[in-house]
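Listed below, chain by chain, are the residues.
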Amino acid sequence: MKNTILNLLLVSIVLSSYSQTQVIAQNESKPNIIFIVTDDLGWSDLGCYGADLNETPNIDKLAEKSMVFTNSYAAGSVCSPTRASIMTGKTPAKLNYTVWSEAATGNAEERRLRGSKYLEPLTLENLPLEEISIAEKLKSKDYLTAHVGKWHIGDYMHFPNTQGFDVSVASSQRGAPPSFFYPYTGIVYDEFRFVGDLGMDADGKYFTNREGEYLTDRLTDEAMKMIEDAGSRPFFLNLSYYNVHVPIEAKAEDITYFKNKLSSEYHHQNETYAAMVKNVDDNVGRLLHKLDELGISENTIVVFTSDNGGVIQKYKDKVVTDNFPLREGKGSLYEGGIRIPTMIFYPKNPGKGQQIDVPISTIDYLPTVMEIAGIPNDLDNIEGESFLPLLKGEEAKSLENRALYWHFPHYYYAVKPVSSIRDGNWKLLEYLEDGHIELYNLADDLEEKHNLADTEPLKTNELLSKLRKWKTNVGAKGIRQNPNYKKQ
Ligand SMILES: [Ca+2]
């Protein structure tokens, strides 16, 4: 017995003199958690998801040791709603945060003035302070909580520090930087925009020589600094890249590389966008390398995902991306707008790149992370469900059997106000202007080409009834006739 105690003492002395960080970081009950949330990255934008022009060797390598989700959904089809769902475990409809912040209240007023036939509901532009966030929950377990990058769910009075983040760098109320190059300032829509905190180095010096610096490189630098500074504390890092949202801007040498690679055979035809994707990949590589260097990779969960589907409109006369084989893109409730690439490295049960086909949603992150960190789920009004069993390689019948819901009572390019449900392989969309219904079977029609609403009336009624019941339960706001509308 004495020998055993002596040995333990010796081991602890050796370990503590070797590296305290390493010893405590290996506390498996509190693994570090990193979310890498890209912006507008489409379902087929990564090499491991079938991209042709784009190249993502580092992310593909991460996929090889991760679980790769083939039916991962954003709870919203645009930025802010999904981001709010990640933070709270609630759907955008329940939060009444169904459109991006800038469009939330102003757009409804604008439509009223324009005399459109239907008015969008008034929705939130700030995540209410009383909402309980994933960071608040982890902070209660003594995690260091850090947000780096795009926030887009609130103004300065609703920044990450109001939602449980100890550290917040480069946050922005707006959805996109004016430029991806230093100093990240400029006029957009007649408004002066900037990305906070990046004009000053950590040593307190302003405007050092950062000419040509690219935003995503800088965010990764800041994230790596945070990881180093975390020392012995377990950390939650919400690394929220502004890539690959517009403005479509990348480094000249990367653009040249993809311009030379372009082929008319490819689905993807935008060399600058491919260069932006490459930059994300480079930075994921750097970040993972840093985890290896610090010896904490084996105790760090890494989630890589996006916030909505890829943009299929043009930016500066060039189509941004293509979500093949999925229909449509950002804003839409067809698969191209909501199905997103997602991989998770869970060190206790590392994957081998295997595909998980069970649908998951961004509403599931809060309960999943709480379960991982051993935090009792006392939140009775969230809608997400922990998918930890899937990470452990176990069955999850309740996830397989549940339905997922979306509600977008707004206009976005060709997208009209619409609600949707996915139940098993069935997917139904209800368009709110004229009430028309579409029903698809994703098992053999992933492209959503064959509307079965007329030929499958029983299934249509079943899903429609579920969808409407859900909308009533969560208090989803609809569109309404504009009393001031005058037919031209
Ligand atoms: Ca987005």
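Scoring rules and cut-offs
Residues numbered from 1 in each chain as written. Predicted model: local features only at pLDDT ≥ 70, side-chain atom pairs only at ≥ 80, totals over all residues. Heavy atoms only, no water. Core = buried A, V, L, I, M, F, W, Y, C linked by side-chain atoms within 4.5 Å. Buried < 20%, exposed > 50% of the residue type's maximum accessible area, 1.4 Å probe, protein only. Helix = DSSP H or I, 4+ residues; strand = E, 2+ residues; numbered from the N terminus. Contact = heavy atoms within 4.5 Å. Donors = N, O, S within 2.8 Å, 3.2 Å for Na, K, Ca; no water. Tetrahedral: all angles 85-135°; square planar, octahedral: opposite > 155°, others 65-115°. Pairing = 2+ DSSP bridges. Axes fitted to C-alpha atoms, helices over the stretch in contact; angles between N-to-C directions. Arc of directions from axis to C-beta. Phe/Tyr/Trp six-rings, centres within 6.5 Å; stacked < 30°, edge-to-face > 60°. Lys NZ or Arg CZ within 6 Å of the ring centre and 35° of its normal. Patch = residues over 30% accessible without salt bridge, like charges linked within 9 Å, V, L, I, M, F, W, Y side chains within 5 Å. Areas by Shrake-Rupley, 256 points an atom, 1.4 Å probe, with all protein chains shown as cover. Salt bridge = Lys/Arg side-chain N within 4 Å of Asp/Glu carboxyl O.

Student: An account of the nonpolar core is requested, with residue identities and associated values reported.
Tutor: Counting residues in hydrophobic clusters, the biggest one holds 56 residues, and the most contacted among them are Leu219, Ile227, Phe235, Leu237, Phe304 and Met343. For this core, the secondary structure elements donating two or more residues are strand S1 (32-38), helix H3 (57-64), strand S5 (144-149), helix H9 (215-229), strand S9 (235-240), helix H11 (271-293), strand S10 (300-306) and strand S13 (342-345). For this core, the element with the highest residue contribution is H11, accounting for ten residues. In this view, Leu237 contacts Ile33, Ile34, Phe35, Ala146, Val148, Ala223, Met226 and Ile227; residues no more than four positions away in its chain are not counted. By size, the runner-up hydrophobic cluster in this structure holds 42 residues, among which are Leu95, Phe159, Tyr346 and Val369.

Student: Residues and numbers for the coordination of the calcium ion, please.
Tutor: For the calcium ion, every protein donor is listed as Asp39 (OD), Asp40 (OD), Cys79 (SG), Asp307 (OD), Asp307 (OD) and Asn308 (OD1), and the spread of their distances is 2.2 to 2.6 Å. Angles of 52 to 159 degrees at the metal separate the six donor atoms of the calcium ion, which places the site in the irregular class. Look at where the donors of the calcium ion fall in the sequence and you get D-D-x38-C-x227-D-N. Highlighted residues: Asp39 in the loop between S1 and H3 and Asn308 in the loop between S10 and strand S11 (314-315), separated in sequence by 269 residues. When sorted by exposure, Asp39 lands in the same class as Asn308, which is buried.

Student: Any chance you could break down the sheet that holds strand S18 (residues 426-431) for me, citing the residues and the numbers?
Tutor: With antiparallel pairing, four strands are arranged side by side in an open sheet as S16-S17-S18-S19. Because the sheet does not close on itself, it has two edges, and the strands there are strand S16 (403-408) and strand S19 (437-441). Going from strand to strand, the sheet's axes swing by 10 degrees on average, the running direction of each strand aside. Relative to S18, strand S17 (residues 418-423) runs antiparallel, the two being bridged by six bridges. Note on S18: the bridge partner recorded for Ile421 is Leu428. Each of S16, S17, S18 and S19 is contacted by helix H16 (residues 457-474), which is oriented at about 65 degrees to S18, the strand it contacts most.

Student: Give me the sheet that holds S10: which residues, what numbers.
Tutor: Spatially, the eight strands line up as an open sheet ordered S6-S5-S9-S1-S10-S13-S2-S14, and their pairing is mixed. The strands lining the two open edges of the sheet, one partner per strand, are strand S6 (167-169) and strand S14 (355-356). Sheet analysis places S5 next to S6, joined by three bridges and oriented parallel. Pairing of Ala146 across the sheet is with Val167, part of S6.

Student: For the environment of Gly331, give the residues involved together with the corresponding values.
Tutor: Summarising the element assignment, Gly331 is placed in the loop between strand S12 (318-319) and helix H12 (335-338). Note on Gly331: relative accessible area 0%, which makes it buried. Along the backbone, Gly331 and Lys416 are 85 residues apart, and their C-alpha atoms lie at a distance of 9.3 Å. Residues within four places of Gly331 in sequence aside, it is in contact with Ser77, Val78, Phe408, Tyr412 and Val415.

Student: A description of H3 should follow, citing residues and the corresponding values.
Tutor: Of all the residues in H3, the buried ones are Ile59, Asp60, Leu62 and Ala63. Buried residues in H3, looked at end-on, bunch into an arc of 155 degrees, giving them a common side. For H3, exposure combined with an orientation more than 90 degrees from the buried face picks out Pro57, Lys61 and Glu64. For H3, the secondary structure elements touched by its buried residues are strand S2 (67-69), H11, S10 and S13.

Student: Which residues make up the packing of aromatic side chains, and what values do they have?
Tutor: One pass over the full model with this rule turns up 18 aromatic pairs. An angle of 25 degrees between the planes, with centres 6.1 Å apart, marks the rings of Phe165 and Phe236 as stacked. Residue Phe165 is found in the loop between S5 and S6, and its partner Phe236 is found in strand S9; the two are separated by 71 residues along the sequence. You'll find Phe165 and Phe236 in the same group, each marked buried. For the pair Tyr182 and Tyr184, a centre-to-centre distance of 5.7 Å together with 85 degrees between the ring planes defines the contact as edge-to-face. For Tyr182, a relative accessible area of 15% translates into the label buried. A residue is classified by how much of its surface remains accessible, and Tyr184, at 0% relative accessible area, is buried. Ring pairs connect the aromatic residues Phe35, Phe69, Trp151, Phe165, Phe236, Tyr365 and Phe387, which therefore count as one cluster. In this arrangement the basic side chain of Lys65 is found over the ring face of Phe345, its NZ or CZ atom lying 4.2 Å from the centre. Directly above the aromatic system of Tyr334 lies the positively charged group of Arg327, at a separation of 3.8 Å from the ring centroid.

Student: Give a description of unusual backbone geometry that names residues and reports values.
Tutor: In this structure, Val244 follows Asn243 across a cis peptide bond, with omega equal to 5 degrees. Tracing the chain through its elements places Val244 in the loop between S9 and helix H10 (252-261). That bond from Val246 to Pro247 is cis: its omega, 0 degrees, falls within 30 degrees of zero. Among the secondary structure elements, Pro247 is positioned in the loop between S9 and H10. For Ala170, which is not glycine, the phi dihedral falls at a positive 60 degrees. By the secondary structure assignment, Ala170 is in the loop between S6 and strand S7 (185-188). Given a relative accessible area of 0%, Ala170 falls into the buried group.

Student: Outline a nonpolar patch on the surface, listing residues and values.
Tutor: Taken together, the side chains of Tyr156, Ile187, Phe192 and Phe194 make up a nonpolar region of the molecular surface, amounting to roughly 470 Å² of accessible area. As for its position among the elements, Tyr156 is in the loop between S5 and S6.

Student: Got a sec to walk through the pairing of S19? Specific residues and values, please.
Tutor: Along S19, five of the five residues are buried, which leaves the element largely enclosed by surrounding structure. Burial along S19 is two-sided: the face carrying Ile437, Leu439 and Asn441 and the face carrying Glu438 and Tyr440 are both buried. Where S18 lies against S19, five bridges are found, and the strand directions are antiparallel. Note on S19: the bridge partner recorded for Leu429 is Glu438.

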